[in-house]
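Listed here are the chains, written in short residue letters.
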There are 4 protein chains.
Amino acid sequence: MTLKLGVIGTGAIGQEHIRRCSQVLQGATVVAVTDIDLKSASQTVDRFGLDAVVLPDGKEVIDAANVDALIITSWDPTHEAFVLQAIAAGKPVFCEKPLAVTAAGCKRIVDAEIAYGRRLVQVGFMRPYDQGYRALKKVIDSGEIGRPLMLHCAHRNQKVDENYTTDMAITNTMIHELGVLRWLLDDDYVSAQVIFPRASAHTHAKLRDPQIVLLETVKGARIDVEIFVNCQYGYDIQTQVVGEEGIASLPEPSSILLRSKAKLSHTILTDWKDRFIDAYDVELQDFINGVTKSELTGPSAWDGYAASVAADACIAAQKTPGVVQISLPPRPAFYPH
Amino acid sequence: MTLKLGVIGTGAIGQEHIRRCSQVLQGATVVAVTDIDLKSASQTVDRFGLDAVVLPDGKEVIDAANVDALIITSWDPTHEAFVLQAIAAGKPVFCEKPLAVTAAGCKRIVDAEIAYGRRLVQVGFMRPYDQGYRALKKVIDSGEIGRPLMLHCAHRNQKVDENYTTDMAITNTMIHELGVLRWLLDDDYVSAQVIFPRASAHTHAKLRDPQIVLLETVKGARIDVEIFVNCQYGYDIQTQVVGEEGIASLPEPSSILLRSKAKLSHTILTDWKDRFIDAYDVELQDFINGVTKSELTGPSAWDGYAASVAADACIAAQKTPGVVQISLPPRPAFYPH
Amino acid sequence: MTLKLGVIGTGAIGQEHIRRCSQVLQGATVVAVTDIDLKSASQTVDRFGLDAVVLPDGKEVIDAANVDALIITSWDPTHEAFVLQAIAAGKPVFCEKPLAVTAAGCKRIVDAEIAYGRRLVQVGFMRPYDQGYRALKKVIDSGEIGRPLMLHCAHRNQKVDENYTTDMAITNTMIHELGVLRWLLDDDYVSAQVIFPRASAHTHAKLRDPQIVLLETVKGARIDVEIFVNCQYGYDIQTQVVGEEGIASLPEPSSILLRSKAKLSHTILTDWKDRFIDAYDVELQDFINGVTKSELTGPSAWDGYAASVAADACIAAQKTPGVVQISLPPRPAFYPH
Amino acid sequence: MTLKLGVIGTGAIGQEHIRRCSQVLQGATVVAVTDIDLKSASQTVDRFGLDAVVLPDGKEVIDAANVDALIITSWDPTHEAFVLQAIAAGKPVFCEKPLAVTAAGCKRIVDAEIAYGRRLVQVGFMRPYDQGYRALKKVIDSGEIGRPLMLHCAHRNQKVDENYTTDMAITNTMIHELGVLRWLLDDDYVSAQVIFPRASAHTHAKLRDPQIVLLETVKGARIDVEIFVNCQYGYDIQTQVVGEEGIASLPEPSSILLRSKAKLSHTILTDWKDRFIDAYDVELQDFINGVTKSELTGPSAWDGYAASVAADACIAAQKTPGVVQISLPPRPAFYPH
């Protein structure tokens, strides 16, 4: 049985997911697409030689009789409405992050899904599908390093453009850490604090860069995340877990060891798209398989909501010298650990 | 259009390839299988829920009207005959290494394919599909380290059983280096010499372990390959290319960096199956795509023949203290670089 | 000309320094020693076959006519008085850290030295003499990584005994970072904050372990120092400097790379005494040479004072959730950068 | 008691040793020097402010009443005669490598020393005093990796000048490996073979570069040494010991880990003088201490002879395609393991 997908939004990431579903992954086919720019939608159908119809809007894609499940890769502010419509239609939906642009919006999705009575939503957090993070979680869960006490993390981009502002360091960048670290530790955040070192000469007026976000968890672990989006040297993701008996670090991407020009060196990636490229395939295959087995197990609406609540607190913490509490409601039994 | 595959041989590797083609890769489906043990064939059909018939023997699979292409994973000595039959039937065939158990047998396949007039055969050398070897070739081809002068290689297994004999270090183990290094350097071997250090206490009477094979190439590069199949500590593949301006080494598999028990450590794999697991997927997808586009570009019958000629020389070199010449006929234009 | 040294205190570190001055270094000889336990003093003279007298107390050693310079390795609370007496006697003095047990005490020494009019005091901060820290400073000063924005540091001990209390994490452990980081950055501290993750199961009632100290500098750099003195796995000192254009990390101690038991590993030291052992030699030789040339350039009384002021603030910060200001008086011209 | 040294030869290495003995090490002083160019000798006395006389020739230095021991750093062909004169005078002598320019010459020294009846000679092999090689020997001797079966070594220089010829790859470069590997394995060489890859474009007519020397030992270990003296990228010394249960590699020199310009890199040394600089200090201090205790334990005349015999065989092997036997007489009891 082949899962028939409808895709809403044919921008860069939308096209990437269409390529995956139609050329790389198993068990799915794209049968309907749309975009705010219908020409882009048609061009995408042609580019990938899809046997798919172009529909006038997202609602029509969601309601199309031959569409079994949705992939939402449209403009962020439209995510919430489309996801709610998909739930109303009783159709499984993979929604790129953010699930909604506000925590309240995420909560409405959580409530709708619970009301529906079965999981339909997977949010696009791909890091839990990365082999490195999986290996790291395996070491933690094995007890080999004891209970995690501290996490030292870094999220570094080579550079960002003039439109990237201080708050986006949370919503567009650190959102990945907020998503993956809860999963890694099976824990939740209770407070956030933001520290601003002197700014790099490579940043601009609207962006305080770098910044350090300090998080505290329910279990009492302390997390520091360095966010540095103009680090110049490359795209570099670091996660070090300090446990009671040892320390485990996220693997560096595998690369050639070179002895040349008086340097013993490994290459550091510069394009973020290369860093987790394999994880996207695993993520979408898991969604396809989950829908086919009517058993979604990937990042849930609740995970999207929890990350959103934490993100709001981090943004508040950017504007105050002190510590900001993060209060997440109790986890509904509907979303088991 | 979906490629309909017939699989001859449902042993371990046969089942792995069936799993790939039916559950992981795109554009193919298994429609017919057979095995010397027909019960194994039927069980495989059931295990993977294939919509496939079990046929009495390889010839019937090859001739089956709905079979577009073959995958041969049967007992080594049967490879040659099945490949020749596939060529006679004008059907593309993926044959696990060795292409044939003798160089003469490989040559017969080369001649048959040339006589047929179009490439139909891909031999199962998967290392050229490994990301690490590809990255290594890219560095070499970029000229960044200058012309390759020396290669220092190691192929180490944790241990082998009592049935593994000295010659198998060439036919079952080093055959991988013989296959991949020609491709890596775009070069051929002209001589071989084998050196035997004192034997490890962990080997047995019929196996001289470790051994070092020295190869010389047409271009004058020198290659040393340490083969150590009872090294105890793990499965470890090393390839270091020493060029005129620098040195590039095959990446270590990516793994967690651990600080524990007074050691700063990475894990070394112990099971060879984990080392190149991704490469098998890429290899078979490339075969499927190549057949679909009627343009096979993977390891050819000629590559299988060249490796076989070199292997014969290495085995001869195991039995003499001196250098053994390797004389490969000129590469037919039919097999371009 | 050979510098004649008087040593006050023949405990572990005192004996180590005596061994250095009499058996390893050039240009000095030990001519007088004392200790609160005179028997220990005599035994030390015998052990190292010194041609030295044992005097009844520190004052006598300081005043001994044939003593050119002092090494003070006595009980911490006695340091201040001995250093002041040495200054009064106009004799150069090397004093193990802490220079005094209070910032006020350090300040009295600073004032006395300034009053005397010439540098006589070197405090026992040895890390600036470590090859690794020197290489790190060289990279920073070269501008290769741009201006330092953040430092991520860790000071980990395998374990400590029951007498080690929370405040000692500052006075005995982090004091090394407080000393070396000012020098590394040529900067001073303006505020401190302490964060306590959940405690390790390996600590005890009187010690909150681990803890994280956050420092801010005059230039606006942010420093986080993880102090974890029951980390179990080894003695591990980490210093990573994040600059505007790149990141430089303190070298790991050089060690054998081992492939064994499915691990690719380096050994991590477990005994702190091995970590900076070479630095002690360089430090004392520099003191001897400095005295001989009447030009002390090593860590000064001011450096000891500045570290003490910062340490007091860190201890205050351990007792409050917020940020504690660090106010160091302006640097006297007497102590140039 | 201070050892009074006479130094014959005040070239680069001679001056380095004089600096060590007079400014760094303990227990010795230079009291007499000479050089074929007496002006150089006087200038050296001035440069280091030595309280030493300049004597007209080596013989006078050796016979000088106040000279306790000799350091010979003169022109290679003069070593043998000076060492024999020192033995005749019953004075301990440290002689830079080579002990003599022929194996026969080394043998005459061995015979003279045995005839004298007590060890007087130490040859200047400094690698056994290098911390890395010592750590490597410690791992081997611990049995942790089982019996050594193979050694993979490399000796790479960035470049050499026009006067450096093929045979010098043995006499000036590999002589270090010939010296240290016997000590590392407590073994001797029985055969040598030399392999020449195609030459690097960076070499010249009189030098075949790189080359690979294959050695076999009495215990049956196999050693391959890559000698590449125009490798361009740096000065790089590699020694990997493959044992029955694991592999130990010589440590890389400790250096800053840098993240910059899309590279994660360590610096590779380019000047050979920096690589083993600490070892020279340890080596000479050991000589001074050994003489003082009348118990020399460093590299002996026998070690110099054994290396010379092996070097002669390697040079012969450069001129023949086959294997050249190395026949060293039985080790005299006078030179215990």
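Residues numbered from 1 in each chain as written. Chains lettered and ligands numbered in written order. Predicted model: local features only at pLDDT ≥ 70, side-chain atom pairs only at ≥ 80, totals over all residues. Heavy atoms only, no water.

Chemist: Looking at this structure, I do not really get helix α10 (residues 301-318) of chain A. What am I missing?
Modeler: Quick reminder: α-helices carry 3.6 residues per turn. Residues three or four places apart thus point the same way. Its 18 residues give α10 of chain A an end-to-end C-alpha distance of 26 Å, which sits within 8% of 26 Å, the value for a rise of 1.5 Å per residue. Where α10 of chain A begins, the capping side chain belongs to S300 of chain A, and its oxygen is found 3.2 Å from the backbone nitrogen of W302 of chain A. (Helix = DSSP H or I, 4+ residues; strand = E, 2+ residues; numbered from the N terminus. Expected span 1.5 Å × (residues − 1). Polar contact = N/O pair within 3.5 Å; in protein donor to acceptor, adjacent residues only side chain to side chain.)

Chemist: So what exactly am I meant to see when it comes to the UniProt feature "domain: Gfo/Idh/MocA-like oxidoreductase C-terminal" (unreviewed entry) in chain A here?
Modeler: Cross-referencing UniProt, the feature "domain: Gfo/Idh/MocA-like oxidoreductase C-terminal" (unreviewed entry) maps to residues 137-324 of chain A in the present numbering. Annotated as 33% helix and 28% strand, the span residues 137-324 of chain A places its first and last C-alpha atoms 28 Å apart. (UniProt positions renumbered as here; feature names shortened; annotations may be inferred.)

Chemist: Hey, could you run me through the nonpolar core in this one?
Modeler: Proteins that are soluble and globular tend to have nonpolar side chains buried together. All names here are of chain D. L178 and L215 are the most contacted members of the largest nonpolar core, which has 81 residues in total. Tallying contributions element by element places helix α10 (residues 301-318) first for this core, with 11 residues. Two domains share this core, each providing at least three of its residues, namely domain 1 (3-127 + 278-299) and domain 2 (128-271 + 307-325). Look past the residues within four positions of L215 in its chain and what remains in contact with it is M174, L178, Y189, S191, A192, A221, R222, I223, C314 and I326. (Core = buried A, V, L, I, M, F, W, Y, C linked by side-chain atoms within 4.5 Å. Buried < 20%, exposed > 50% of the residue type's maximum accessible area, 1.4 Å probe, protein only. Domains from an automatic or database assignment. Contact = heavy atoms within 4.5 Å.)

Chemist: Would you explain the relation of the copies chain D and chain A in this entry?
Modeler: The two copies are related by a screw motion: chain D maps onto chain A through a turn of 180° and a shift of 0.0 Å along the axis, at an RMSD of 0.0 Å. Taken together, the turn and the small shift mark the pair as related by a two-fold rotation axis. By C-alpha distance to the rotation axis, the residue of chain D lying nearest is S265 of chain D, at 2.1 Å. Interface overlap between copies: 100% of the residues of chain D at the interface are likewise at the interface in chain A, consistent with a symmetric, same-surface contact. (Least-squares fit on C-alpha atoms with pLDDT ≥ 70 in both.)

Chemist: Would you mind showing me how to read the interface of chain B and chain D here?
Modeler: Interface size is commonly expressed as the accessible surface area that is lost when the partners come together. Counting from both sides, the interface comprises 38 residues of chain B and, opposite them, 38 residues of chain D. In this assembly, chain B packs against chain D so that about 2900 Å² is buried in total across both faces, 56% of it on carbon and sulfur atoms. Where chain B packs against chain D, one counts zero salt bridges. The set of elements that each furnish at least two residues to the side of chain B that touches chain D consists of β7 (148-156), β8 (189-195), β9 (211-217), β10 (222-228), β11 (236-243) and β12 (246-249) of chain B. Broken down by element, the side of chain B that touches chain D gets its largest block of residues, five residues, from β7 of chain B. Partitioned by chemical class, the residues of the side of chain B that touches chain D number 17 nonpolar, 10 polar and 11 charged. (Buried area = accessible area lost by both parts, 1.4 Å probe. Salt bridge = Lys/Arg side-chain N within 4 Å of Asp/Glu carboxyl O. Nonpolar A, V, L, I, M, F, W, Y, C, P; charged D, E, K, R; others polar.)

Chemist: Before we go on, may I ask you to explain the domain arrangement of chain A in this structure?
Modeler: Residue and element names in this part refer to chain A. Each assigned domain of chain A is listed with its residue range as follows: domain 1 (3-127 + 278-299) and domain 2 (128-271 + 307-325). Tallying the contact residues gives 14 residues for domain 1 and 17 residues for domain 2. Roughly 1200 Å² is buried in total at the junction of domain 1 and domain 2, and carbon and sulfur atoms are behind 65% of that figure. Per-residue buried area on domain 1 facing domain 2 is highest for A103, F125 and R127; these three make up 63% of the total on that side. Across the contact surface, domain 1 and domain 2 share one salt bridge. The salt bridge partner of E177 is R127, with a shortest N-O separation of 2.7 Å. On the surface where domain 1 and domain 2 come into contact, there are nine residue pairs in polar contact (both at pLDDT 80 or more).

Chemist: Honestly, the packing of helix α1 (residues 12-24) of chain C against helix α9 (residues 277-292) of chain C in this entry has me stumped. Any pointers?
Modeler: A pair of packed helices is captured by two measures, namely the crossing angle of their axes and the spacing between those axes. Residues and elements named next belong to chain C. Packing of α1 against α9 leaves a shortest axis separation of 11 Å and a crossing angle of 65°. Between α1 and α9, the interaxial angle falls into the category roughly perpendicular. Crossing handedness for the pair α1 and α9: right-handed. Contact residues: I13, H17, R20, C21 and V24 in α1; I277, Y280, D281, L284 and I288 in α9. For the contact of α1 with α9, the class distribution of residues is seven nonpolar, one polar and two charged. (Axes fitted to C-alpha atoms, helices over the stretch in contact; angles between N-to-C directions. Parallel < 35°, antiparallel > 145°, perpendicular 65-115°, else oblique. Left-handed = near helix turned anticlockwise from the far one by under 90°.)

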